[in-house]
Amino acid sequence: MITMDDIVREGHPALREVAKEVSFPLVAEDIELGEKMTEFLKNSQDPELAEKYGLRGGVGLAAPQLAISKRIIAIEIPSMEEDSDEPFLSTVMYNPKILSHSVQQAAIEEGEGCLSVDRHVPGLVVRNAKVTISYFDKDGESHKIRLRNYAAIVVQHEIDHINGVMFYDHIDKTNPNYAPDDVLLLS
Ligand SMILES: CNC(=O)c1cccc(C)c1Nc1nc(N2CCN(c3ccccc3Cl)CC2)nc(N2CSC[C@H]2C(=O)NC)n1
């Protein structure tokens, strides 16, 4: 299973590379990798397992964070309703691509965290509020989905990783809390 020891931290070159597309049909290794990334995110969200294995909670993970320079991301966003067992978004995206996005921008009011960044970096990470994404699933099927708000932010954060971009690259240097007047602040 993937633990925090497998996640590379700032300074590792893989975090600043443009990752390579995967080809289809996927090799077994890339299918298994996606499954292990999803398993990590689920474990990281389980209080007992997170405690037991010392995992930081995450809702997204990109292959470059495992020093694997491939365009693979895993998203595991739990549903907002406490009682529901179904996650809001649970998927492994191969060769994800932002096809289009809204003019409207959004940011997490409390800022963003990253499993590869062992420090608190304050500031607003202003992103597109809505994005249309294309990606392939493990069977090579093509998908096109529209995401908004928190899910859109998470997917953009992970797609940044496969392009060698870190969330703090987006934070305004002179005024980290600068908010464009019509940005949607999510909390
Ligand atoms: C500096 N302030 C902050 O970090 C910050 C501060 C407050 C609120 C938010 C919302 C913040 N921001 C933020 N919180 C998260 N989590 C909240 C906790 N959660 C989680 C943790 C444990 C169990 C289950 C779960 Cl669900 C996991 C996800 N995740 C991200 N990001 C940025 S996009 C990719 C995503 C990611 O997975 N990062 C590792 N940002």
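If you're wondering where the values come from, they're calculated on a predicted model, not measured in any experiment. (Residues numbered from 1 in each chain as written. Predicted model: local features only at pLDDT ≥ 70, side-chain atom pairs only at ≥ 80, totals over all residues. Heavy atoms only, no water.)

1. Observations regarding the pairing of strand S2 (residues 72-77)
Here comes step 1: The element S2 is extensively covered by neighbouring structure, given that 6 of its 6 residues are classed as buried.
Here comes step 2: For strand S1 (residues 60-62) and S2, the ladder comprises 3 bridges, and the chain directions are antiparallel. Note that in S2 the partner of glycine 60 across the bridge is isoleucine 75.
Here comes step 3: Across 6 bridges, S2 lies against strand S3 (residues 89-101) in antiparallel orientation. The partner of isoleucine 72 across the bridge, within S3, is tyrosine 94. (Buried < 20%, exposed > 50% of the residue type's maximum accessible area, 1.4 Å probe, protein only. Helix = DSSP H or I, 4+ residues; strand = E, 2+ residues; numbered from the N terminus. Pairing = 2+ DSSP bridges.)

2. Side note on the UniProt feature "binding site: Fe cation" (unreviewed entry) in the protein
Here comes step 1: UniProt records the feature "binding site: Fe cation" (unreviewed entry) for Cys114, His157 and His161 in the present numbering. Judged by maximum C-alpha separation, these annotated positions cover 48 residues in sequence but sit close together in space, the widest gap being only 10.2 Å.
Here comes step 2: You can see histidine 157 is positioned in helix H3 (residues 149-162).
Here comes step 3: Residue classification places histidine 157 among the buried positions, given a relative accessible area of 8%.
Here comes step 4: Each residue touching histidine 157, except ones within four places of it in the same chain, is listed here: Glu112, Gly113, Cys114, Arg127 and Phe167.
Here comes step 5: For histidine 161, the location among the structural elements is in helix H3.
Here comes step 6: Contact partners of histidine 161, with chain neighbours within four places excluded, come to Leu15, Glu17, Ala62, Pro64, Gln65, Cys114 and Met166. (UniProt positions renumbered as here; feature names shortened; annotations may be inferred. Contact = heavy atoms within 4.5 Å.)

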